[in-house]
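Observations on the model geometry
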Amino acid sequence: MVKRVATSGVMRGSLWLGAAAGCLLLVTPVPSPALIRWSGDLTSEYSAADNNIDRTYLLQSYFGITARPPRKRLLDTRLNLRLSYFDANGDTRFDTNPLGTVGFRVAGDGFQLDAQQLRSASLTTLGQLINNRTRRVSLSIGPSDWPRLFATFNQYETSLSSHSKQRNHTWTVTIDHTAGPLYLHAGYYRQVQNPGVTDERSSDNTRVGATYQRSIARTTRMNLAIDLDRHTTSTSDRLDTIGDLRTMRIGLTSRPRTWMLLDFSLLDERTETRKGPGGTYWSRNYDLTGSLYPWPSTRLYSTVGNRGFDDDFAQRDVDYVIVGSTWTTELTRSASFSLSASHTTESDPRRGTNQRDYGALNSDLYVSPRMRAHLNLSTTHNSSPGFIDPARYDGAGDFTGRNAFDDSFAGFTYYATDLGQVFTKRSAAFADWSEGVFVEIPTVRQYRNSLTLQIDAVPSQKSRLSLHYSLDTQADRLRLGGDASQTWSGSLSYQATRRAGFTMTGVRSSSAFGSSRSSWTATLNTTTIRRHRLSLSYGSRGSSGSGGRQAALTLSLMLPRGSQLDLIGSVREPLSSRADSFWRARYVNTF
């Protein structure tokens, strides 16, 4: 049985924090006509979580001051004193480390230095205490006409009430310089992770690159980029992975006529990974696109290209041709349409020919001055060779691999994958094979169709309505019905007065596999003349027959002398024996 926390423990913690905050206020620097400008804030926060079994409390206060000397070079300093009291199930803690935030920022002509340390604690809705500590240091140096240097260090640590800790350290150093059309850049990045559950993991990344841009004549522009990248990953068990990536990009754009545009691009990437036996992986793509604009809002284009890459440690070359067009028109002031269509053919010597057809329709229609509808309908048709399962035969492999089965029994079948032929043993005699018979590879056809409909309406001057519907299907023929994934969503907002409004949203989705999800939320927001704010919400979430309801409250009271009081609360499964709650009160005073 879990022990509940006595109220006296919370009261004792409140007295301690109140006394400490009073002492800090007594030593607050008083503004004077001196050179330093002072500002500060005092924050007290109380959080409580009750999950119907355990109760957890967190009480903490922050007192911060900021000093800004009026110098030509900006200098900001920040000091935050923190006291924290935590009580949960008999586990009582008083944080004796008072430093919450310590930081400063120095800036001048061409440089800036920023350093700070932040300590914070928070209580989750499940009653779990989370302590965070962040250390940040950043340096930026970049005088005019000189290379620019940027360095950062981040250290992030978080610990849960279960005493598990997670650490993440990152170092970054980058330098870049622009000299006319040439841009040079280099950088180093290191990350060390210790999730607290698994072993430590570190990664290093070093990158050097250059980009060159220049105009050739008046109608052509050239772009050349080269990048060298090395990535290393290490674990505590000394398992290292090293990867080298070399990338080269070449681009040419030319517009000799207003109705003609030519684009050429080349991308060459080579990756070498060393981990155990390792391997080298290569990919390259180059294409040439020509576009014609014979009429306004009309584009006809064609692309010819080649894509090369490594597949199963064998290099492949795929030629492709794309032919397409786009057309946009406005039938009236309230109706516009856009059509696009394309046909792609890919020729692969090893896998055959793939064909893909694509078509799309987009339309915007203003049904009335208060209603607008947007429709998008697209379909994609893929036609590609099917897959021959080698398990259908007694043996499979390339043609030379057939020699290993020369002494097999009569009727033994062997599929030569490189020839696409099947050989059969005519007898038990050695190497008595029949002539090869070509295997007809079936053609696989698949359609993917999608429909999206969006309606935005203004029923009155005080209300807004938005409805959305989407449908996505995959089938072996052109259709919108059958197994499909669908999503319905809508939102309705009503602004009763200048300071009070109501909003209701809902979403329901279903997949082709039969699972479904739904949620809805109703929210009421109001603001008084004195800028007090109140927000009430109630909603429900469900997934495949299971779900729950939740109510939430947020109240912000603007008090005199720059102070503010926030009350935040949420209850899951209200009016139920399984209800659990979370409440937080925060007081902030700035001076």
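Below, the structure is looked at part by part. (Residues numbered from 1 in each chain as written. Predicted model: local features only at pLDDT ≥ 70, side-chain atom pairs only at ≥ 80, totals over all residues. Heavy atoms only, no water.)

Some words on the side chain of Thr 289
When you line up the elements, Thr 289 lands in strand E15 (residues 279-292). You can call Thr 289 buried: its relative accessible area is 12%. At 2.9 Å, the side chain of Thr 289 forms a polar contact with the side chain of Thr 303. Contacts of Thr 289, omitting those with residues within four sequence positions, involve Leu 261, Leu 262, Asp 263, Arg 299, Ser 302 and Thr 303. (Helix = DSSP H or I, 4+ residues; strand = E, 2+ residues; numbered from the N terminus. Buried < 20%, exposed > 50% of the residue type's maximum accessible area, 1.4 Å probe, protein only. Polar contact = N/O pair within 3.5 Å; in protein donor to acceptor, adjacent residues only side chain to side chain. Contact = heavy atoms within 4.5 Å.)

Examining the packing of aromatic side chains
Aromatic ring pairs are reported here in terms of the distance separating the ring centres and the angle at which the planes meet. Inspection of every chain in the model, using the stated rule, returns eleven aromatic pairs. Seen from their ring centres, Phe 63 and Phe 591 are 6.2 Å apart, and the 25° between their planes marks the pair as stacked. A residue pair is termed long-range when its members are at least 10 positions apart, and Phe 63 in strand E2 (residues 55-68) and Phe 591 in the segment after strand E33 (580-590) qualify at 528 residues. We classify Phe 63 as buried; its relative accessible area is 6%. Summarising the aromatic geometry, the rings of Phe 153 and Trp 171 are spaced 5.4 Å apart at their centres and angled 45° between planes, so their arrangement reads as tilted. Here Phe 153 is found in strand E8 (residues 148-160), whereas its partner Trp 171 is found in strand E9 (residues 165-179), with 18 residues between them in sequence. Under the relative-accessibility criterion, Phe 153 is labelled partly exposed at 23%. Three or more aromatic residues link up through ring pairs in this structure, and these residues are Phe 405, Phe 409, Phe 412, Tyr 414 and Trp 433. Of note, Arg 402 hangs over the ring of Phe 423, and the distance from its end group to the ring centre comes to 4.8 Å. For Lys 425, the ring lying beneath its charged end belongs to Trp 433, and the centroid distance is 5.7 Å. (Phe/Tyr/Trp six-rings, centres within 6.5 Å; stacked < 30°, edge-to-face > 60°. Lys NZ or Arg CZ within 6 Å of the ring centre and 35° of its normal.)

Observations regarding the pattern of salt bridges
Tallied over the entire structure, the rule returns 18 salt bridges. The residue Arg 148 makes a salt bridge to Asp 176 at a minimum N-O spacing of 3.1 Å. Residue Arg 148 is found in strand E8, and its partner Asp 176 is found in strand E9; the two are separated by 28 residues along the sequence. The class of Arg 148 is partly exposed, set by a relative accessible area of 45%. Residue classification places Asp 176 among the buried residues on the basis of a relative accessible area of 16%. Salt bridges sharing common partners tie together Glu 45, Arg 584 and Arg 586. (Salt bridge = Lys/Arg side-chain N within 4 Å of Asp/Glu carboxyl O.)

Observations concerning the sheet that holds strand E23 (residues 421-424)
Spatially, the four strands line up as an open sheet ordered E21-E22-E23-E24, and their pairing is mixed. Each of the sheet's edge strands pairs with one partner strand only, and the pair in question is strand E21 (395-397) and strand E24 (437-438). Looking at chain direction, E23 and E24 are connected through two bridges and run antiparallel. Within E24, the position partnered with Gln 421 by the bridge is Phe 438. (Pairing = 2+ DSSP bridges.)

Side note on the nonpolar core
Grouped together as the largest cluster of nonpolar side chains are six residues: Ala 49, Leu 58, Ala 121, Leu 123, Leu 129 and Phe 582. Tyr 414, Ala 416, Phe 423 and Trp 433 belong to the second largest nonpolar core, which has five residues in total. (Core = buried A, V, L, I, M, F, W, Y, C linked by side-chain atoms within 4.5 Å.)

Observations regarding the environment of Ser 489
Counting through the fold element by element, Ser 489 comes out in strand E27 (residues 484-494). Since its relative accessible area comes to 23%, Ser 489 is described here as partly exposed. C-alpha of Ser 489 to C-alpha of Tyr 469: the two residues are 20 residues apart in sequence and 6.6 Å apart in space.

Quick look at unusual backbone geometry
Positive phi outside glycine occurs at Arg 561, with the angle close to 60°. Positive phi, close to 55°, is recorded for Glu 573, a residue that is not glycine. Along the chain, Glu 573 turns up in the loop between strand E32 (563-572) and E33.

A short note on the environment of Gln 213
In this fold, Gln 213 is placed in strand E11 (residues 201-216). Spatially, the C-alpha atoms of Gln 213 and Tyr 183 are 8.6 Å apart, while their sequence positions differ by 30 residues. Non-local contacts of Gln 213, meaning those with residues more than four positions away in its chain, are made with Pro 181, Arg 221, Met 222 and Asn 223. There is a polar contact of 3.1 Å between the side chain of Gln 213 and the side chain of Arg 221.

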